[in-house]
Amino acid sequence: MTTEPALPDAGSLNAEDPADDSLPDSAGDPRHFRSPVSFVRRGSRLQGRRQQAWDELSDRFVIDVPRAEADTSVDPDYVFDAAAEFGRTAPLVVEIGSGLGEAVTHAAEQNPEKNYLAVEVYLPGLAQTLQRIGQKELTNVRVVQANAPEVLTTMLPAGSVDEVWVFFPDPWHKTRHHKRRMVKDEFAELVANVLVPGGIWRLATDWSDYAVQMRDVGDASARFVNLHNGELAGEDSPLTRVNRQGLEKKAPLDDVDTRGGWAPRFAGRTLTSFENKAHQAGRLIFDLTYRKA
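All values derive from a computational prediction rather than experimental measurement.

Visitor: Whenever I open this one, the nonpolar core confuses me. Can you help?
Guide: Side chains that are nonpolar tend, in soluble globular proteins, to be buried together. Core analysis: the largest hydrophobic core is formed by 45 residues, its most contacted members being Leu-117, Met-155 and Trp-201. Residue contacts for Met-155: discarding those within four places in its chain leaves Ile-63, Val-65, Val-74, Tyr-78, Val-79, Phe-80, Leu-117, Val-144 and Glu-150. Among the nonpolar cores identified, the runner-up in size contains 24 residues, and Ala-53, Tyr-116, Ile-133 and Leu-138 belong to it.

Now the structure itself:
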């Protein structure tokens, strides 16, 4: 029987290398590749069922984008035509950092009237997503191996996406690596540009300091409205619980989070293996939901 190497958790597919203090900046077109990459490339060999899934399903479900330079880059002249790719016009949901495909394929199965695009740089994760697509016999999911900022900057037309999901991105714990976190002011602008008017941006993380950064970015943007502004504050805030109970080594704020703004857990996100491990480790989940103004 063919065995397959274990995959890292979905939320750490692009996990930080703690020994690397000088990771290279993203290469490519200087118009939109100047910010550091938000991931570290891991091994990309496929074996067993993942290789079989890739061989059988990639021609149909993988977007074969032209590359600029690197194998995760996107030629800036390429524009994704969702209607042509899916063979229909339907609301488009884009998951940035789809990991093993648990969330996106579950949502696609539950909402066949919507189209889904999974964006991931880690090839085995995409192959695992293809496996799930095949198992569930889905037709409304496509996957692309590409760097997220390039997908948002040029690949997706402005005003073409109904929802953007960013669930459990790499937290880059070390302070000197915070610049590599995906959710920053410039990233919020990219998300806003591709969303339709009134489109939704959903975020989730299991690390409180990144949650605070996400909230600061979303709340500061004139392009977005926090749909749960002021909610889950004070004693009801997950941030207050983290601080009071000492659930993390670093507490980003004082004991009581008077600001709030946290969303209830997104019911459309299945409990992935990564999120379940976060719960088992005693970490709390922070959800945020923004609407394009």
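Read on for the rest.
Visitor: Which parts of the structure should I look at to understand the packing of aromatic side chains?
Guide: Aromatic rings considered in pairs are described by the distance between their centres and by the relative angle of their planes. Applying the stated criterion across every chain, the model contains ten aromatic pairs. When the ring of Phe-167 is compared with that of Phe-266, the centres are 6.3 Å apart and the planes differ by 40°; the resulting orientation is tilted. Here Phe-167 is found in strand β4 (residues 161-167), whereas its partner Phe-266 is found in the loop between α8 (238-245) and α9 (273-280), with 99 residues between them in sequence. Like Phe-266, Phe-167 is buried.

Visitor: Can you help me understand the pairing of strand β7 (residues 286-292) in this one?
Guide: Remark: a regular strand shows side chains that alternate across the two faces of the sheet. The buried fraction of β7 is high, at six of seven residues. Bridge count for strand β5 (residues 195-205) against β7 is six bridges, and the pairing is antiparallel. Note that in β7 the partner of Leu-203 across the bridge is Leu-288. Here three bridges tie strand β6 (residues 224-226) to β7, and the two strands are oriented antiparallel to one another. When the bridges of β7 are listed, Val-225 appears paired with Arg-291.

Visitor: Explanation requested: the pattern of salt bridges in the structure shown.
Guide: Two side chains with opposite charge may pair up if their charged atoms get near one another. Applying the stated criterion across every chain yields a total of 14 salt bridges. Glu-163 is the salt-bridge partner of Arg-202, the closest N and O atoms lying 3.0 Å from each other. Of this pair, Arg-202 sits in strand β5 while Glu-163 sits in strand β4, placing them 39 residues apart in sequence. The class for Arg-202 is buried, based on a relative accessible area of 16%. Judged by its relative accessible area of 11%, Glu-163 is buried. For Arg-223, the salt bridge goes to Glu-189, with nearest N and O atoms at 3.0 Å. Linking Arg-223 in the loop between α7 (208-220) and β6 with Glu-189 in helix α6 (residues 185-194), this pair joins segments that are 34 residues apart in sequence. Arg-223 sits in the partly exposed class, given a relative accessible area of 26%. Here the salt bridges do not stand alone but share partners, grouping Arg-265, Arg-269, Glu-275 and Asp-287 into one network.

Visitor: Quick question: what am I supposed to make of the environment of Arg-269 here?
Guide: Its place among the elements puts Arg-269 in the loop between α8 and α9. Exposure remark for Arg-269: the relative accessible area of 1% places this residue in the buried category. It is 9.8 Å that separates the C-alpha atoms of Arg-269 and Trp-165, two residues lying 104 residues apart in sequence. Sequence-distant contacts of Arg-269, that is, excluding residues within four places in its chain, are made with Ala-103, Phe-167, Phe-168, Ala-204, Glu-275, Ile-285 and Asp-287.

Visitor: Help me out: how do you make sense of α9 in this one?
Guide: Along an α-helix, residues three or four positions apart point the same way, because every turn accommodates 3.6 residues. Those residues of α9 lying buried are Phe-274, Glu-275 and Ala-278. Projected onto a plane normal to the axis of α9, the buried residues spread over an arc of 100° and lie on a single side. Downstream of α9 by a residue or two, Gly-282 has a phi angle that is positive, lying close to 85°.

Visitor: Honestly, unusual backbone geometry in this entry has me stumped. Any pointers?
Guide: Most of the time, phi is negative for any residue but glycine, and the peptide bond is trans. A positive phi angle, near 55°, is found at Glu-137, a position not held by glycine. Structurally, Glu-137 is set in the loop between α4 (123-136) and β3 (141-145). Here Glu-137 falls in the exposed class, since its relative accessible area comes to 69%.

Visitor: Help me understand the sheet that holds β6, please; the structure alone is not making it clear to me.
Guide: As a general point, the strands of a sheet are linked pairwise by backbone hydrogen bonds and lie either parallel or antiparallel. Read across the sheet, seven strands follow the order β3-β2-β1-β4-β5-β7-β6 without closing on themselves; strand pairing throughout is mixed. The open sheet has two free edges, formed respectively by β3 and β6, since each of these has just one partner strand. With direction set aside, neighbouring strand axes in the sheet form an average angle of 20°. Packing of helix α3 (residues 102-110) onto the sheet brings it into contact with β1 (92-96), β2 (115-120), β3 and β4, and relative to β2 it is tilted by some 175°. Where α6 meets the sheet, its contacts fall on β4, β5, β6 and β7, and the angle it forms with β5 comes to roughly 140°.

Calculation notes
- Counting from 1, residues in each chain are numbered in the order their sequence is written.
- In view of the model being predicted, local features appear only for residues whose pLDDT reaches at least 70, and side-chain atom pairs are presented and counted only at 80 or more, with totals across whole chains, interfaces and linings using the full set of residues.
- Side-chain numbers come from the whole structure's heavy atoms, not from hydrogens or water.
- We call a set of buried residues a nonpolar core when its members are Ala, Val, Leu, Ile, Met, Phe, Trp, Tyr or Cys and they connect through side-chain atoms within 4.5 Å of each other.
- Categorising residues by exposure relies on relative accessible area from a 1.4 Å probe, with only protein chains included: less than 20% of the type maximum marks a residue as buried, more than 50% marks it as exposed, and the intermediate range marks it as partly exposed.
- Whether two residues are in contact is decided by their heavy atoms: any pair within 4.5 Å suffices.
- Each pair of aromatic rings taken from Phe, Tyr and Trp, with Trp reduced to its six-membered ring, is defined by centres within 6.5 Å and is described as stacked if the planes are under 30 degrees apart, edge-to-face if over 60, and tilted in the remaining cases.
- The helix count covers DSSP runs of H or I at least four residues long, the strand count covers runs of E at least two residues long, and both are numbered beginning at the N terminus.
- Strand pairing follows a simple DSSP-based rule, namely that at least 2 bridges must link the two strands.
- For this document, the term salt bridge refers to a Lys or Arg side-chain nitrogen within 4 Å of an Asp or Glu carboxyl oxygen.
- As used here, the arc is the angular range of directions from the helix axis to the C-beta atoms.
- Helix axes are fitted only over the stretch in contact, all axes being lines through C-alpha atoms; the angle between N-to-C directions runs from 0 to 180 degrees.

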